Structure formats: C-alpha cells, structure tokens
Amino acid sequence: LNEGKGCWGACAKTAGDCAHCGTGQCCRPQDYTNGVVGCELADAVESGSRCGAWAGDPPAGLRNEGRACAGSCPDGFGADCAYCGGWDGVADGSGQCCRLVDAERGVPGCELAATAWPDPEGPAAQCGAFKDHNLFEGPSPTPPTTPTSPTSPTSPTPPTTPTTPTPPDGLMNEGVACAAPCGFTNDQWGPTRDCPQFCGTGTCCSAF
C-alpha cells in the first residue's frame, strides 16, 4: 500500500511497520544506516521516507565503512559496534570504530587501522574492519581421542630434559601495532622492547 510514497507523517514519525504502508514499512535512508528493525532492505531509499517492503534479513558484515562513528558506538573505540557491523544494537564483530591514533597507541580492536584506513580525507573516527582477529582467537580445541583397549603395563619412560624454546626465525608483523601484544601500557611510551612472540627478531618501538 502506498509503495514509494512519503509516509513519515502518516506513520507518526516512526520507522518500521505502519498501517499507512499496508503490509510494508516506512523507512528513511538513515533508518537503514542506523540498523532500525523493519528497514533491513531500505538501502534503496535515496531520500525522505518511503513505503515499501523493507523488512528482511539484516545485512551481514562490515557496514558504514569510512563513515563517522564516534557518536554511534557507545562502547568506545576498538569495541565491536553494531553501527559498523551488526543490526539493532547487536554487533556481529565485523566492524569497529577507530581513529588512526588508536592504532599507534595499541588500542585493542584497532590493530589494523593504520594499514586499512578507509578514507584518508574522511572523519577522524571511522567504521572499518580494524580488528586483527588472529590476536583474539584462542587455541584450536583438541579433538577427542578414541578409547583404546587396555595393554600390558610397560616400563615408565624416563623424563626428558626440558629444552629452551627456539625464538621465531626472522622479523614478524613488520609495521603492525605492537604495544598491546608486547605488554606496553599507555604510560610506557618511549623505550623499545624485545618482543619475540610478536615481533620475532625485531623490536617494538613507539614514536612518542
């Protein structure tokens, strides 16, 4: 009903289901941008408000890339944010709100901001896929073992001599923010630090 026609006033200035649109919904471009329920398919609305069949499955993955996000991500810089990836206030982990300085300071969730910055001419805080998920994934679960038939007792195996772990061979993660993985805190800028577990044979240094 009233497909393609303006509807904001007739729908009590409320996005989503509306009797004026029949079985459809009333949506504006910003309702899609802000992840309003019932406007999941309203990316086709170019301006104003329009009746249409806008309800559907929320889009998956990164959203609003390169757009200003400081006021739309209440959990702060680096946190998963529904405005940058998710819908109706529920983040799916695909997008974060970061500033370039957050990458330099090692803010968790902004590790890739310096190398994957969407819009150099855009706002200071932008949506993007800035989290290095390799730093946040836990170890792979060990598959269950198949029970075996009992065997005859064997002589105990003599203990082995512990060996010194071999450091990584060569430079690792060159150019990637290293403050958080290497244990720096925000008041420790200045010194360099050997960090073989993340930098390999390199060091973690700060520009400040």
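Here the structure is a predicted model, which means the values were calculated and not measured.

Caption draft 1: Focus on the packing of aromatic side chains. In the structure shown here, the tally under the stated rule is two aromatic pairs. Considering the side-chain rings of W117 and F130, the 5.6 Å spacing of their centres and the 20° angle between planes classify their relative orientation as stacked. Here W117, found in the loop between helix 2 (100-104) and strand 7 (125-128), pairs with F130, found in the loop between strand 7 and strand 8 (193-194); they are 13 residues apart in sequence, far enough to count as distant. Taken individually, W117 and F130 each receive the classification buried, so the pair is uniform in this respect.

Caption draft 2: Spotlight on the state of the cysteines. Scanning the model with the defined rule gives eight disulfides in all. Disulfide partner of C73: C81, at an S-S distance of 2.0 Å. Looking along the S-S bond of the C73-C81 disulfide, the torsion reads about -85°, which is the left-handed sense. Neither C73 nor C81 differs from the other in exposure class; each is buried.

Caption draft 3: Region of interest: the sheet that holds strand 1 (residues 16-17). Pairing within the open sheet is antiparallel, and its three strands lie in the order 1-2-3. Looking at strand neighbours, the two that pair on one side only are strand 1 and strand 3 (50-52), the edges of this open sheet. Where strand 2 (residues 25-27) lies against strand 3, three bridges are found, and the strand directions are antiparallel. Counted as the bridge partner of C26 is C51 from strand 3.

Caption draft 4: Focus on the side chain of D102. In this structure, D102 sits in helix 2. Under the relative-accessibility criterion, D102 is labelled buried at 2%. Here R99 takes part through its backbone nitrogen, which lies 2.8 Å from a polar atom of the side chain of D102. In contact with D102, not counting residues within four places along its chain, are F77, V107 and C110.

Caption draft 5: Molecular detail of the pattern of salt bridges. Here the structure, examined in full by the defined rule, presents three salt bridges. Here R28 makes a salt bridge to D31, at a shortest N to O gap of 3.0 Å. Ionic pairing is found between D102 and R99, a salt bridge with its closest N-O pair at 2.8 Å.

Basis of the calculations
- Residues numbered from 1 in each chain as written.
- Predicted model: local features only at pLDDT ≥ 70, side-chain atom pairs only at ≥ 80, totals over all residues.
- Heavy atoms only, no water.
- Phe/Tyr/Trp six-rings, centres within 6.5 Å; stacked < 30°, edge-to-face > 60°.
- Helix = DSSP H or I, 4+ residues; strand = E, 2+ residues; numbered from the N terminus.
- Buried < 20%, exposed > 50% of the residue type's maximum accessible area, 1.4 Å probe, protein only.
- Disulfide = S-S within 2.5 Å.
- Pairing = 2+ DSSP bridges.
- Polar contact = N/O pair within 3.5 Å; in protein donor to acceptor, adjacent residues only side chain to side chain.
- Contact = heavy atoms within 4.5 Å.
- Salt bridge = Lys/Arg side-chain N within 4 Å of Asp/Glu carboxyl O.

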